[in-house]
Amino acid sequence: MIIRAKVGKNGEVILTFANEFKAMHIDIITLHPGLLESPFQHSIVKRAIEKKLADVTIINLRDYGLGNYKQVDDAPFGGGAGMVMTIEPIANCIEELKAQRTYDDIIYMTPDGERFNQQIANSLSMHQNIILLCGHYKGIDDRIRQLYITKEISIGDYVLSGGELPAAILCDAIIRLLPGAISDETSALSDSFQDNLLAPPVYTRPAEYKGLKVPDVLLSGNPKQIDNWRHEQSIEKTRKSRPDLLS
Ligand code: SAH
């Protein structure tokens, strides 16, 4: 059985089979490891890690800080408010990681990066090893971006205090896509944004609540009709809420 497809350097598709399957490895470099504890300890993400589909290492950048105070930041050249994360701690950390494995991408979470979406999540989920770098304060010295970063990702047009929550969001979106992470594998494929459509409405028991009934077709037991209805609802919902996805 094919477990993972990966796009090689020349655009070729490399398939990894069950007996050689290796957990996707994610290293997260952060100044606030505590912010990243809970997101990996619950639900689908936790189970995927327990099933060894993914393994996530949180690296405390403070350990790479310089001098007695383990300094990781400094005032910006040219003046102005805020501190800038310095080159050496980050560079030393990344160099140490790169000596241990080959990374498909070294990603900096940043509001001026490419806007994260399901397509990016899909393509990142095919990677074997990635590093996520979380910034803080005013961000990182630009030369780190020039020297090491291969991809820059934003989770939206707003500014957060640090890259930890964005990194957790990215990990959740990727890890739930790993084959076996969701028990019914087709489930992830029927979520919103796969196929550029929003997901149709869902219902469960009771079949009637305060006079509101579940659409008859869902109780019909006719899979073909149900599929058709869901597809129509998806299109309708997308047309109403996100027409930009259809164009
Ligand atoms: N001065 C920067 C913002 C720094 S915010 C600017 O104006 O662009 C501090 C850190 O939080 C960033 O280095 C980044 O890692 C993270 N961050 C903040 N907002 C983010 C977003 N929308 N997406 C991804 N990372 C974000």
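Everything numeric here is computed off the predicted structure, so don't read it as measured data. (Residues numbered from 1 in each chain as written. Predicted model: local features only at pLDDT ≥ 70, side-chain atom pairs only at ≥ 80, totals over all residues. Heavy atoms only, no water.)

**Student:** Please clarify how the side chain of Asp73 should be interpreted in this entry.
**Tutor:** Within the fold, Asp73 resides in strand β5 (residues 73-74). Apart from the residues within four sequence positions on either side, Asp73 is in contact with Met83, Val84, Met85, Thr86 and Tyr137. (Helix = DSSP H or I, 4+ residues; strand = E, 2+ residues; numbered from the N terminus. Contact = heavy atoms within 4.5 Å.)

**Student:** Would you take a moment to explain the site of the ligand for this structure?
**Tutor:** Residues in contact with the ligand amount to 20 residues; listed here are only the nearest, Tyr108, Met109, Gly135, Tyr158 and Leu160. A distance of 3.3 Å separates a nitrogen atom of the ligand from a polar backbone atom of Thr110. At 2.8 Å from a nitrogen atom of the ligand is found a main-chain nitrogen or oxygen belonging to Tyr158. Protein contact buries 85% of the 560 Å² of open area that the ligand shows by itself. Of all the secondary-structure elements, those providing two or more residues to the shell around the ligand are β7 (105-115) and β9 (151-154). (Near = heavy atom within 4 Å. Polar contact = N/O pair within 3.5 Å; in protein donor to acceptor, adjacent residues only side chain to side chain. Areas by Shrake-Rupley, 256 points an atom, 1.4 Å probe, with all protein chains shown as cover.)

**Student:** It is not clear to me how the pairing of strand β4 (residues 54-60) should be interpreted in this structure. Could you clarify?
**Tutor:** Within a regular strand, the side chains alternate between the two sheet faces. Alignment of strand β3 (residues 24-30) against β4, held across 7 bridges, turns out to be parallel. Note on β4: the bridge partner recorded for Ile26 is Val56. Crossover β3 to β4 through helix α1 (residues 43-50) is right-handed. (Pairing = 2+ DSSP bridges. Right-handed = clockwise from strand over helix to strand, strands pointing away.)

**Student:** Would you explain the domain arrangement of the chain in this entry?
**Tutor:** Accessible area lost when the parts come together is the quantity often used to give the size of an interface. Domain annotation of the chain identifies domain 1 (21-175) and domain 2 (195-246). Averaged C-alpha coordinates put domain 1 and domain 2 at centres separated by 37 Å. (Domains from an automatic or database assignment.)

**Student:** Is there a simple way to think about the environment of Pro179 in this case?
**Tutor:** Inspection of the secondary structure assignment puts Pro179 in the loop between α5 (164-175) and α6 (186-189). When its relative accessible area of 29% is taken as the criterion, Pro179 is described as partly exposed. Linking Pro179 and Ala48, residues 131 residues apart in sequence, is a C-alpha distance of 9.4 Å. (Buried < 20%, exposed > 50% of the residue type's maximum accessible area, 1.4 Å probe, protein only.)

**Student:** Would you explain the pattern of salt bridges in this entry?
**Tutor:** Note that side chains of opposite charge can pair when their charged atoms are close. The tally for this structure, following the rule as stated, stands at 8 salt bridges. We note a salt bridge from Arg143 to Asp141, for which the minimum N-O separation is 2.7 Å. The exposure class assigned to Arg143 is partly exposed, which follows from its relative accessible area of 41%. Overall, the relative accessible area of 16% leaves Asp141 in the buried class. (Salt bridge = Lys/Arg side-chain N within 4 Å of Asp/Glu carboxyl O.)

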